[in-house]
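If you want the building blocks of each chain, they are given just below.
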Amino acid sequence: MEDTENSKVQSRVVTVISVLLGVFALAYIAGAFDLIQVYFPQRIYRAIILSFLLPIAFLAFPIKKGKHPGWLSWLNPLFAVASIAGLLYFIFFFNQVEEHFFRLSEPSAFEIALGLTTLVLTIEATRRVVGWPMALVVFLFFIYPFVTQYMPGILHGRVYSLSRITASLFVSTDGLLGIALGVAATIVVMFVMFGQVL
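Residues numbered from 1 in each chain as written. Predicted model: local features only at pLDDT ≥ 70, side-chain atom pairs only at ≥ 80, totals over all residues. Heavy atoms only, no water.

## Focus on the pattern of salt bridges
Right, on to step 1. The tally for this structure, following the rule as stated, stands at three salt bridges.
Right, on to step 2. Of the charged contacts in the structure, one is a salt bridge between E124 and R127, with a shortest N-O distance of 2.8 Å. Of this pair, E124 and R127 are both found in helix α6 (residues 109-129), three residues apart, which corresponds to roughly one turn of the helix.
Right, on to step 3. Taken together, the salt bridges that share partners define one network made up of E124, R127 and R128. (Salt bridge = Lys/Arg side-chain N within 4 Å of Asp/Glu carboxyl O. Helix = DSSP H or I, 4+ residues; strand = E, 2+ residues; numbered from the N terminus.)

The structure is reproduced here in structure tokens:
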């Protein structure tokens, strides 16, 4: 009985987040924010879209497909909140994050931990939505910079600091907030919305 109530609440939360995502994406693409003179960089827009999508992934897709999660169901809301923590920090402290990761000063351990947590939870969301094969490919590319100095032959590479790896994978347009998310946050979102209308 309690699980049914939890699933109903999660379903309602997913519906609300989905509607907010659609309204926000439509407003951004239609230029409504330009009319009220609110401007933000593409990476912030992409981070906002991802902060809508990750909670949907954790609340709408179970930990194990086809099986009742039982006592693990409390992880869904925890992962949903934890997945957007790093993104919200990136959105609200954009200039500070830019300065720490790409300029002279070093990012704090807190910023690195938030970035890595967001990356790992994005891989988990990928596993839940798409499946193990895609999550495994993403995970291999995620860990490659950490082990590149131990790889043989043409796979061998330079050693990079944890802050540089986090900056490349989380903050820059070469990683999580890159072109693929940009296309999904503009073109794919509109196709899905118009598909639902038709």
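## Regarding the packing of helix α3 (residues 42-60) against helix α4 (residues 75-92)
Right, on to step 1. Two elements in contact, α3 and α4, have axes whose closest approach is 8 Å; the angle formed by their N-to-C orientations is 175°. Classified by the angle their axes make, α3 and α4 are roughly antiparallel. For the pair α3 and α4, the contacting residues are R43, I44, A47, I48, L50, S51, L54, P55, F58 and L59 in the first and N76, P77, F79, A80, S83, I84, L87, F90 and I91 in the second.
Right, on to step 2. In terms of residue class, the contact of α3 with α4 is made up of 15 nonpolar, three polar and one charged. (Axes fitted to C-alpha atoms, helices over the stretch in contact; angles between N-to-C directions. Parallel < 35°, antiparallel > 145°, perpendicular 65-115°, else oblique. Contact = heavy atoms within 4.5 Å. Nonpolar A, V, L, I, M, F, W, Y, C, P; charged D, E, K, R; others polar.)

## Digging into a nonpolar patch on the surface
Right, on to step 1. A surface patch of nonpolar side chains, about 710 Å² in accessible area, is lined by Y144, F146, V147, Y150, I154, L155 and L162.
Right, on to step 2. Examining the composition of the nonpolar patch, we find that three residues originate from one element, helix α7 (residues 132-147), more than from any other.
Right, on to step 3. Relative to the helices and strands, Y150 is located in the loop between α7 and α8 (162-171). (Patch = residues over 30% accessible without salt bridge, like charges linked within 9 Å, V, L, I, M, F, W, Y side chains within 5 Å. Areas by Shrake-Rupley, 256 points an atom, 1.4 Å probe, with all protein chains shown as cover.)

## Remarks on unusual backbone geometry
Right, on to step 1. Positive phi values are uncommon outside glycine, yet Q37 reaches one of about 55°.
Right, on to step 2. Topologically, Q37 is positioned in the loop between α2 (32-35) and α3.

## A word on the packing of aromatic side chains
Right, on to step 1. Summed over the entire model, instances satisfying the criterion amount to 13 aromatic pairs.
Right, on to step 2. Aromatic pair Y28 and F40: ring centres 5.5 Å apart, planes at 20°, arrangement stacked. Of this pair, Y28 sits in helix α1 (residues 2-30) while F40 sits in the loop between α2 and α3, and the two are 12 residues apart along the sequence. (Phe/Tyr/Trp six-rings, centres within 6.5 Å; stacked < 30°, edge-to-face > 60°.)

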